[in-house]
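Report on the structure
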Amino acid sequence: MKLLTGNDLRTGEVTWWTGTGWSRFVENAVDVDEHGEAIATEEIGARRVNAAYVIDAVDTPEGPRPAHIKDRIRALGPTVRLDLTLKPADPDAGSWVI
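The following paragraphs examine the structure supplied in this document. Not measured: the values here are computed from a predicted model. (Residues numbered from 1 in each chain as written. Predicted model: local features only at pLDDT ≥ 70, side-chain atom pairs only at ≥ 80, totals over all residues. Heavy atoms only, no water.)

1. Re the packing of aromatic side chains
To describe a pair of aromatic rings, one takes the distance between the centres and the angle between the planes. Taken as a whole and judged by the stated rule, the model has 1 aromatic pair. Geometrically, the ring pair formed by Trp17 and Trp22 is edge-to-face, given 5.2 Å between the ring centres and 65° between the ring planes. Accessibility expressed as a relative area gives 21% for Trp22, which makes it partly exposed. (Phe/Tyr/Trp six-rings, centres within 6.5 Å; stacked < 30°, edge-to-face > 60°. Buried < 20%, exposed > 50% of the residue type's maximum accessible area, 1.4 Å probe, protein only.)

This is how it looks when you write it as structure tokens:
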């Protein structure tokens, strides 16, 4: 599974490609398969996202999860305190980064 991620141009927030737009929540991301680079090029050109790139992910019952630790951390939101994270629907989100 491949996901497309980047940053919102106005806020700098981490965003995930949903198939029709961008979401702050990785649970909304869709598999871009081999189309990720083309979508990234189009979205960057249209100035809807900054620094978009394709990552490996795994599909879980709770939704897609980034395969690499860096992107798991990005999916959770700010790392300064757990009470400031995006609070994904997955109650085991804390175990993503360990």
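2. Digging into the pattern of salt bridges
Taken as a whole and judged by the stated rule, the model has 6 salt bridges. Its salt-bridge partner being Arg48, residue Glu43 comes within 2.9 Å of it at the nearest N-O pair. Glu43 sits in the buried class, given a relative accessible area of 5%. The shortest N-O distance in the salt bridge between Arg74 and Asp71 comes to 3.7 Å. Taken together, the residues span about one helical turn, with Arg74 and Asp71 both in helix H2 (residues 69-76) at a distance of 3 residues. A relative accessible area of 16% places Arg74 in the buried class. Members of the salt-bridge network, linked through shared partners, are Lys70, Asp71 and Arg74. (Salt bridge = Lys/Arg side-chain N within 4 Å of Asp/Glu carboxyl O. Helix = DSSP H or I, 4+ residues; strand = E, 2+ residues; numbered from the N terminus.)

3. Section: the sheet that holds strand E3 (residues 22-23)
Strand order in this open sheet of 5 strands is E3-E2-E1-E4-E5, and the pairing throughout is antiparallel. Every other strand in the sheet has two partners, leaving E3 and strand E5 (63-66) as the edge strands with one partner each. The pairing of strand E1 (residues 2-7) with strand E2 (residues 14-17) spans 3 bridges and is antiparallel. Looking across to E2, one finds that Thr5 is bridged to Trp16. Strands E1, E2, E3 and strand E4 (50-60) of the sheet are contacted by helix H1 (residues 36-45), whose axis makes an angle of about 145° with E4. (Pairing = 2+ DSSP bridges. Contact = heavy atoms within 4.5 Å. Axes fitted to C-alpha atoms, helices over the stretch in contact; angles between N-to-C directions.)

4. A word on the nonpolar core
In terms of nonpolar packing, the biggest core is built from 8 residues, these being Leu3, Val14, Trp16, Val26, Ala29, Ile55, Ala57 and Ala75. At the level of secondary structure, the elements contributing two or more residues to this core comprise E2 and E4. In this structure, Val32, Ile39, Val49 and Ala52 belong to the second largest nonpolar core, which totals 7 residues. (Core = buried A, V, L, I, M, F, W, Y, C linked by side-chain atoms within 4.5 Å.)

5. Quick look at a negative patch on the surface
Residues Asp31, Asp33, Glu34 and Asp59 make up a contiguous surface patch of negative charge. Within the element layout of this structure, Glu34 appears in the loop between E3 and H1. (Patch = residues over 30% accessible without salt bridge, like charges linked within 9 Å, V, L, I, M, F, W, Y side chains within 5 Å. Areas by Shrake-Rupley, 256 points an atom, 1.4 Å probe, with all protein chains shown as cover. Lys, Arg positive; Asp, Glu negative; His and termini not counted. Charge placed at Lys NZ, Arg CZ, Asp CG, Glu CD.)

6. Some words on the pairing of E5
As a general feature of sheets, a regular strand has side chains that alternate between the two faces. In this sheet, E5 lies alongside E4 in antiparallel orientation, the contact comprising 4 bridges. Paired with Thr60 across the strands is Gly63, a residue of E5. Connecting E4 to the antiparallel partner E5 that follows it, the hairpin turn spans 2 residues.

7. Structural notes on the environment of Tyr53
Of note, Tyr53 is situated in strand E4. With a relative accessible area of 25%, Tyr53 lands in the partly exposed category. Taking the C-alpha atoms as reference points, Tyr53 and Leu3, separated by 50 residues in sequence, lie 8.3 Å from one another. Within the local environment of Tyr53, its side chain forms a polar contact with the side chain of Asp71, the two groups lying 2.7 Å apart. Polar contacts involving the side chain of Tyr53 include one to the side chain of Arg74, which spans 3.2 Å. (Polar contact = N/O pair within 3.5 Å; in protein donor to acceptor, adjacent residues only side chain to side chain.)

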